[in-house]
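Chain residues, written in single-letter form:
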Amino acid sequence: MKTNTTPSGSKPRLWIAVPAVSFGGIGIELLLFSVGFPYAVWAGIAGCVVASCILFYQAYLKPRRDIVSLFTPLYAFLIFIVPNEISSGVIVQTFYAATITLLAVRVEKMFNAPKPRERTMKDMLNEYISRIAPIFAVIDEETGHLIAQSLLTYKFGLYQSAAEKSTEALARLDAITPFPGALAAALSILRERAGDLADSRMTASPEHTFTEADYDALAIRLRPDRIEDPVALDLDNALVLLYAVGIETSPDDEQALEEHQRFVIQILESYKEKS
């Protein structure tokens, strides 16, 4: 089956009508002039004006709009219809026809492609989830459920429960081959942080951190000189990693995690300027 690669709404041959109509009108004008027709000039003027309207339509259909081309009917009206000191004869018509022909070619060549959509944090999160697919490929649904619950209970402020769910998930990871080290580190970081919050204490130098071996599995990867708080960065990376694995491996928790997606996106946005 032949694939149509023409952008939606565009007419690939429409630009040809611009020189055809404008120069065609001039040609008819010269022909009428040669036989002595007194109003021959209006054939060339009509060709230029109609061709300007065709160019406007061509530009209007494009995914990206060329402002100059959109205003050509106005230019034609001011040059050829409104009384002024500018001659509306064959020479001016020819220059005008050549100009709008160049504009028609320019519109066709440069304004066909849609304006690139700016990547959003949600796009980046989805790309990250795709990138770490090998990590969650080895995770079964029960383990995925524990991972998702570790994150959700932490988000709800149920820190003791979050620590317990993390411990259960870590116990199940020990039986998985290949061992997902980055995921285990994320659960350990969350468990330690949740335990501190449950006991109303703060550990300045946590026992568990990500290592260089975990770097490729992290969503937020900063140069050493851009890291202001390594402890906070490890926790944020752990939360994003647990979200990504949980939403991909635990169907029962997918809706609940999606409802808290904004929480994860806010974490990523807080590092946008530092990346």
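What this report covers is the structure whose coordinates are included nearby.

Counting its regular elements, the protein chain contains 13 helices and zero strands. Seen through its principal axes, the protein chain has C-alpha atoms that stretch 100 × 45 × 30 Å. For the protein chain, the residues scored as buried account for 41% of the 275 residues in total. Restricting the contact set of the protein chain to residue pairs at least 6 apart, pairs at least 24 apart contribute 72%. Carbon and sulfur atoms make up 59% of the accessible area of the protein chain, which totals about 15700 Å². Of note, the protein chain has its 25 positive side-chain charges centred 12 Å away from the centre of its 33 negative side-chain charges.

Moving on to the packing of aromatic side chains. Evaluated as defined, the whole model comprises four aromatic pairs. Taken together, a centroid distance of 6.2 Å and an interplanar angle of 15 degrees make the contact between F56 and Y60 stacked. Placement of the pair is F56 and Y60 together in helix α2 (residues 41-61), with a separation of four residues, close to one helical turn. Using a relative accessible area of 45% as the deciding quantity, one classes Y60 as partly exposed. Of note, R65 hangs over the ring of Y60, and the distance from its end group to the ring centre comes to 4.5 Å.

Let us look at the pattern of salt bridges. Enumeration over the complete set of coordinates arrives at nine salt bridges. A salt bridge links D216 to R221; the shortest N-O distance between them is 3.8 Å. Note on D216: relative accessible area 58%, which makes it exposed.

Time to look at the state of the cysteines. Tallied over the full model, the rule gives zero disulfides. C53 provides the cysteine sulfur closest to C48, a residue in no disulfide bond, and the two sulfurs are 11 Å apart. Look at C48 and you get buried, because its relative accessible area is 0%. Take C53: its relative accessible area is 40%, and that puts it in the partly exposed class.

The rules behind these values
Every residue gets a number counted from 1 within its own chain, in the order that chain's sequence is written. Totals for whole chains, interfaces and linings use all residues, but because this is a predicted model, local features are given only for residues with pLDDT of at least 70 and pairs of side-chain atoms are given and counted only at 80 or more. Hydrogens and water are ignored here; the side-chain numbers use all heavy atoms of the structure. Under the DSSP-based scheme used, a helix requires at least four consecutive residues in state H or I and a strand at least two consecutive residues in state E, with every element numbered from the N terminus. Any residue under 20% of the maximum accessible area for its type is buried, any over 50% is exposed, and the rest in between are partly exposed; the area is computed with a 1.4 Å probe on protein chains only. By the convention used here, residues are in contact when the closest approach between their heavy atoms is within 4.5 Å. We get accessible surface area from the Shrake-Rupley algorithm with a probe of 1.4 Å; when it comes to residues, only the shown protein chains can shield them. Neither His nor the chain ends is counted toward charge; the positive residues are Lys and Arg and the negative residues Asp and Glu. All charge positions are set by atom: Lys at NZ, Arg at CZ, Asp at CG, Glu at CD. Working definition: a ring pair exists when centres of Phe, Tyr or Trp rings (six-membered ring for Trp) sit within 6.5 Å. Plane angles under 30 degrees give stacked, over 60 give edge-to-face, the rest tilted. Charge-over-ring placement is defined geometrically: NZ (Lys) or CZ (Arg) within 6 Å of the ring centre, and within 35 degrees of the ring normal. Throughout this description, the term salt bridge denotes a Lys or Arg side-chain nitrogen within 4 Å of a carboxyl oxygen of Asp or Glu. Note that a disulfide, as used here, is simply two cysteine sulfur atoms within 2.5 Å.

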